[in-house]
Amino acid sequence: MTDRLPALGTVDAPTRRLPDIQDRPVAELARLLRSRALTSTDLVTACLERVTAVDPVVRAVLAIDDTARAQARAADHRHATGRPLSPLDGIPVLVKDNIDTAGLAGTAGSRQLARTPPDRDAEVVVRLRAAGAVILGKTNLTEWGNFRSTRSIEGWSAVGGQTRNPYDPTRSPWGSSAGSAAAVAAGMAPLAIGTETDGSLVCPAGVCGVAAIKPAPGTLPSAGVVPVSAVQDTIGPLASRLRDAALCLAVLTGRPLPRDPAPPGTVRVGLWHVQGMSPDAREVAERAAERLRDAGAVVVPVALTLPRDMLVDGLDALCAEFRPSLERYLSSRRDAPATLDEIILANRQDPVELELFGQDLFERCAALTDEDRALATDRRRHSRQRARELLAAALADHGVDVLMAATSGPAWRIDDGPDPFTRTSSTLPALAGRPNVTVPAGFVGELPVGISLFGPPALEALLPYALLAERCCGERRTPAVLRDLPLRATAAELPRLLPFRNSPRR
C-alpha cells in the first residue's frame, strides 16, 4: 500500500486549508522522503505557502532563500538514487538572522548590517547543508540578540519589524529567537535554528508553545554568528516536538542523543517556583508536577535564591565580553561598521533605529576601560562557579535528578512602550553554562506556557527527563492564526526576499 500524504504542498482551491506541517514529526517526514511517498519539493512548497499565508500577520520570516526549491530538487535526486545524506536531507529549516548565510540577509535585525549580506555560511549552516537540510530562509529576532538596551522590545528589529505570537497576534513572542519560535509554532517550517545568551531560545519557545534545546556553550560552533558573548552564547534547535529538536542536534553534532523518555518510576524531580514569576506560570508548573506524579515520578519542592553578586558578575562579564566578541565578528563583514563605536554613531543618525528605544547597553559596553575588560575573566569564572555550585547543591540536597520550573509567564500584550520586566528560569543554567530544555506544558487561557528542565551537566543525561516531561505534560492546541485566517495565498506569490520592514510601527 502506498504511504502518501494527502495532497501535501498543492492548493486545489483558493480556500483549501494548508497542511499542518507541525503535526508531522521530522522522523516521519524523513521516512516519507526516503520512500519517495513525499518529495522535498512538495514539502518546501507547503512551507512557502504557509509563510505567504500567515507571515503577513506573524512577521516571523525576514528573508526567503530563492534557492530553496533548487535545494529541494537536489534532495529529491539524492532520495531517488538511494543516497540521502542524513535524516535531515530535504527537510526545510529556518535560520535566525544573526547566523550567517552566504548571500542572504545576515542583519542581526540592524539596518547597519543590512547593506551587504555575508560572504560565507556560519559553520552551523555549513553543517546543515552537509546534512542535506533545505535552508528555507531567515527569521526575525530581537535586534542584536536583545543586547542593545535594557528597555528593548522583544521580537522587534529595525529590519524585520515586530514579530507576533501565533496564538494571539496582540501578544509578544518574547525573544531574541522570536521569529524562529513563532515560525515553527505557525507551521512555516518543521525546524528552526536560534541562539541564546540567557533565555533567547527557551523563552520564545515557551510562550509560542514549541520545544527548544539550549545546549551548553560550544556544543555547536559559533563561527559566523553575530555574538553577544563568545563565552556564554550558544546555538540550538526549535521544533514542535522535543524529539525533532533532539534529532536535529544529533545530526549537527554527530553525537547520538537519547530517543526515549526516562522511566517515570525512577525519576525524582525538583520543582522550583522562581520568585516573582507570575501566579499563572506557577499554576501551569504545579499541574505539570501533578501529571508527573500521576505517571509515577517523585516531585519535591526546591527553593533557590540567585545571589546578587553572581548576577552582577554575570552581567559585568557580558558587557566586557561584548565589544571584543562583536568586533571580531565585524571584521569578517564587508560594507559594515568595523567597531561598536561606529554602530553607536550610525544608530544615532538613523531615523528608525532609536525611535522606539535607545542603546544604553551598547553605550555602557563602549565606555568600559581596558582595566574593566581585564576583570571580565575573573567575574565570568566567579559567576559560572557560583551558578554550578547552586545547581549541584539543589540536586544533591533534595536528592533529585533534575530541576523543573516554568520557563516564564504567558506572553504579555504588545503595546507602544518597552516590555515589562518578567522573571524567567533561564538565568541559572545560562550562567552555569549548562544545557536547558523547554517543552510545552499548558495554557493560561489561549496562551502557551512552557516548562524548563535543567541541572545535569550533560545534555545526554538531561534529555530523557525532558522527554518524559513532554510526554506527561505536553498540551497542544492549534494557534489562533491557523484557525482564524482564510489561507488563500500560494507560494507563487512569495517574493524572492520579503521586503525589509523598516517602519518602526509595531
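Residues numbered from 1 in each chain as written. Predicted model: local features only at pLDDT ≥ 70, side-chain atom pairs only at ≥ 80, totals over all residues. Heavy atoms only, no water.

## Examining the sheet that holds strand S8 (residues 234-239)
Turning to step 1, where the next piece is worked out: Overall, mixed pairing links the 11 strands, which are arranged S1-S3-S2-S6-S8-S7-S12-S13-S11-S9-S10 in an open sheet. Unpaired on one side and paired on the other, strand S1 (61-64) and strand S10 (298-302) mark the two borders of the sheet. Across the sheet, the mean angle from the axis of one strand to that of its neighbour is 30°, orientation sign disregarded.
Turning to step 2, where the next piece is worked out: The strands touched by helix H16 (residues 459-473) are strand S7 (211-214), strand S11 (402-406), strand S12 (436-444) and strand S13 (447-454); relative to S12, the strand with the most contacts, the crossing angle is about 15°. (Pairing = 2+ DSSP bridges. Helix = DSSP H or I, 4+ residues; strand = E, 2+ residues; numbered from the N terminus. Axes fitted to C-alpha atoms, helices over the stretch in contact; angles between N-to-C directions. Contact = heavy atoms within 4.5 Å.)

## Considering the pattern of salt bridges
Turning to step 1, where the next piece is worked out: What the rule picks out here adds up to 26 salt bridges.
Turning to step 2, where the next piece is worked out: Between Asp 309 and Arg 386 there is a salt bridge, with the nearest N and O atoms lying 2.9 Å from each other. One end of the pair, Asp 309, is in helix H10 (residues 308-330); the other, Arg 386, is in helix H14 (residues 376-398), with 77 residues separating them in the sequence.
Turning to step 3, where the next piece is worked out: Measuring nitrogen to oxygen at the nearest pair gives 2.8 Å for the salt bridge that ties Arg 364 to Asp 316. One end of the pair, Arg 364, is in helix H12 (residues 360-367); the other, Asp 316, is in helix H10, with 48 residues separating them in the sequence.
Turning to step 4, where the next piece is worked out: A cluster of three or more residues bridged by salt bridges with shared partners is formed by Arg 291, Glu 446, Glu 475 and Arg 477. (Salt bridge = Lys/Arg side-chain N within 4 Å of Asp/Glu carboxyl O.)

## Quick notes on the environment of Asp 309
Turning to step 1, where the next piece is worked out: What makes Asp 309 partly exposed here is its relative accessible area of 34%.
Turning to step 2, where the next piece is worked out: Once residues lying within four places of it in the same chain are set aside, the contact partners of Asp 309 are His 382 and Arg 386. (Buried < 20%, exposed > 50% of the residue type's maximum accessible area, 1.4 Å probe, protein only.)

## What about the packing of H10 against H12?
A pair of packed helices is characterised by two quantities: the angle between their axes and the separation of those axes.
Turning to step 1, where the next piece is worked out: Contact geometry for H10 and H12: axes closest at 8 Å, N-to-C directions at 80°. In terms of orientation, H10 and H12 fall into the roughly perpendicular class. Across the interface between the two elements, Leu 315, Asp 316, Cys 319, Phe 322 and Arg 323 of H10 pack against Leu 361, Phe 362, Arg 364, Cys 365 and Ala 366 of H12.
Turning to step 2, where the next piece is worked out: Split by residue class, the contact of H10 with H12 holds 7 nonpolar, no polar and 3 charged. (Parallel < 35°, antiparallel > 145°, perpendicular 65-115°, else oblique. Nonpolar A, V, L, I, M, F, W, Y, C, P; charged D, E, K, R; others polar.)

## What to know about the confidence of the model for the protein
Turning to step 1, where the next piece is worked out: When pLDDT is averaged along the protein, the result is 91, and 91% of the positions lie at 70 or above.
Turning to step 2, where the next piece is worked out: This model gives residues 1-19 a pLDDT under 50, and the stretch forms 43 contacts once residues within four places in sequence are excluded.
Turning to step 3, where the next piece is worked out: For the stretch residues 487-506, pLDDT sits under 50, and the model shows 64 contacts to residues farther than four places along the chain or on other chains. (pLDDT = per-residue confidence, 0-100.)

## Digging into the side chain of Gln 112
Turning to step 1, where the next piece is worked out: Within the fold, Gln 112 resides in the loop between strand S2 (92-96) and helix H4 (123-130).
Turning to step 2, where the next piece is worked out: Using a relative accessible area of 4% as the deciding quantity, one classes Gln 112 as buried.

## Re helix H6 (residues 178-185)
Turning to step 1, where the next piece is worked out: Most of H6 is tucked away: 8 of the 8 residues are buried.
Turning to step 2, where the next piece is worked out: Buried residues of H6: Ala 178, Gly 179, Ser 180, Ala 181, Ala 182, Ala 183, Val 184 and Ala 185, and no others.
Turning to step 3, where the next piece is worked out: Downstream of H6 by a residue or two, Gly 187 has a phi angle that is positive, lying close to 75°.

## Notes on the environment of Ala 297
Turning to step 1, where the next piece is worked out: Checked against the element boundaries, Ala 297 lands in the loop between helix H9 (279-295) and S10.
Turning to step 2, where the next piece is worked out: The class for Ala 297 is buried, based on a relative accessible area of 6%.
Turning to step 3, where the next piece is worked out: Taking the C-alpha atoms as reference points, Ala 297 and Pro 263, 34 residues apart in sequence, are found 8.4 Å from one another.
Turning to step 4, where the next piece is worked out: In this view, Ala 297 contacts Pro 264, Val 267 and Leu 292; residues no more than four positions away in its chain are not counted.

## A short note on the environment of Ile 193
Turning to step 1, where the next piece is worked out: Tracing the chain through its elements places Ile 193 in strand S6 (residues 191-196).
Turning to step 2, where the next piece is worked out: Here Ile 193 falls in the buried class, since its relative accessible area comes to 1%.
Turning to step 3, where the next piece is worked out: Taking C-alpha positions, Ile 193 is 8.8 Å from Ile 99, a pair spaced 94 residues apart along the chain.

## Notes on helix H1 (residues 26-35)
Turning to step 1, where the next piece is worked out: Restricting attention to buried positions, one finds in H1 the residues Val 26, Leu 29, Ala 30, Leu 32 and Leu 33. All buried residues of H1 fall inside an arc of 165° around its axis, so they share one side.
Turning to step 2, where the next piece is worked out: Of the surrounding elements, those touching the buried residues of H1 are helix H2 (40-58), helix H3 (68-80), S6 and helix H8 (242-253).
Turning to step 3, where the next piece is worked out: Just beyond H1, the residue with positive phi is Arg 36, at close to 65°. (Arc of directions from axis to C-beta.)

## Considerations on the packing of aromatic side chains
Turning to step 1, where the next piece is worked out: In total, this model carries 7 aromatic pairs according to the counting rule given.
Turning to step 2, where the next piece is worked out: Clustering of aromatic rings is evident, with ring pairs tying together Trp 144, Phe 147, Phe 322 and Phe 362.
Turning to step 3, where the next piece is worked out: Over the face of the ring belonging to Phe 443 we find Arg 477, whose NZ or CZ atom lies 4.1 Å from the ring centre. (Phe/Tyr/Trp six-rings, centres within 6.5 Å; stacked < 30°, edge-to-face > 60°. Lys NZ or Arg CZ within 6 Å of the ring centre and 35° of its normal.)

## Quick look at unusual backbone geometry
Turning to step 1, where the next piece is worked out: Note the cis peptide between Gly 175 and Ser 176, where omega equals 5°.
Turning to step 2, where the next piece is worked out: Mapped onto the secondary structure, Ser 176 falls in the loop between strand S5 (161-162) and H6.
Turning to step 3, where the next piece is worked out: Positive phi outside glycine occurs at Arg 59, with the angle close to 60°.
Turning to step 4, where the next piece is worked out: Mapped onto the elements of the fold, Arg 59 is located in the loop between H2 and S1.
Turning to step 5, where the next piece is worked out: Here the phi dihedral of Ala 105 falls at roughly 50°; this positive angle occurs in a residue that is not glycine.
Turning to step 6, where the next piece is worked out: Here Ala 105 falls in the buried class, since its relative accessible area comes to 12%.

## Thoughts on the side chain of Asp 89
Turning to step 1, where the next piece is worked out: Tracing the backbone through its elements, the reader meets Asp 89 in the loop between H3 and S2.
Turning to step 2, where the next piece is worked out: Contacts of Asp 89, omitting those with residues within four sequence positions, involve Leu 33, Ala 75, Arg 78, His 79, Arg 83, Pro 84, Ala 131, Gly 132 and Ala 133.

## Notes on the pairing of strand S3 (residues 134-139)
Regular strands place their side chains on alternate faces of the sheet.
Turning to step 1, where the next piece is worked out: Burial analysis of S3 places 6 of its 6 residues in the buried class, which makes it a mostly covered element.
Turning to step 2, where the next piece is worked out: Bridge count for S2 against S3 is 5 bridges, and the pairing is parallel. Paired with Pro 92 across the two strands is Val 134, which belongs to S3.
Turning to step 3, where the next piece is worked out: In this region the chain leaves S2, passes through H4 and returns to the parallel neighbour S3; the handedness of that crossover is right-handed. (Right-handed = clockwise from strand over helix to strand, strands pointing away.)

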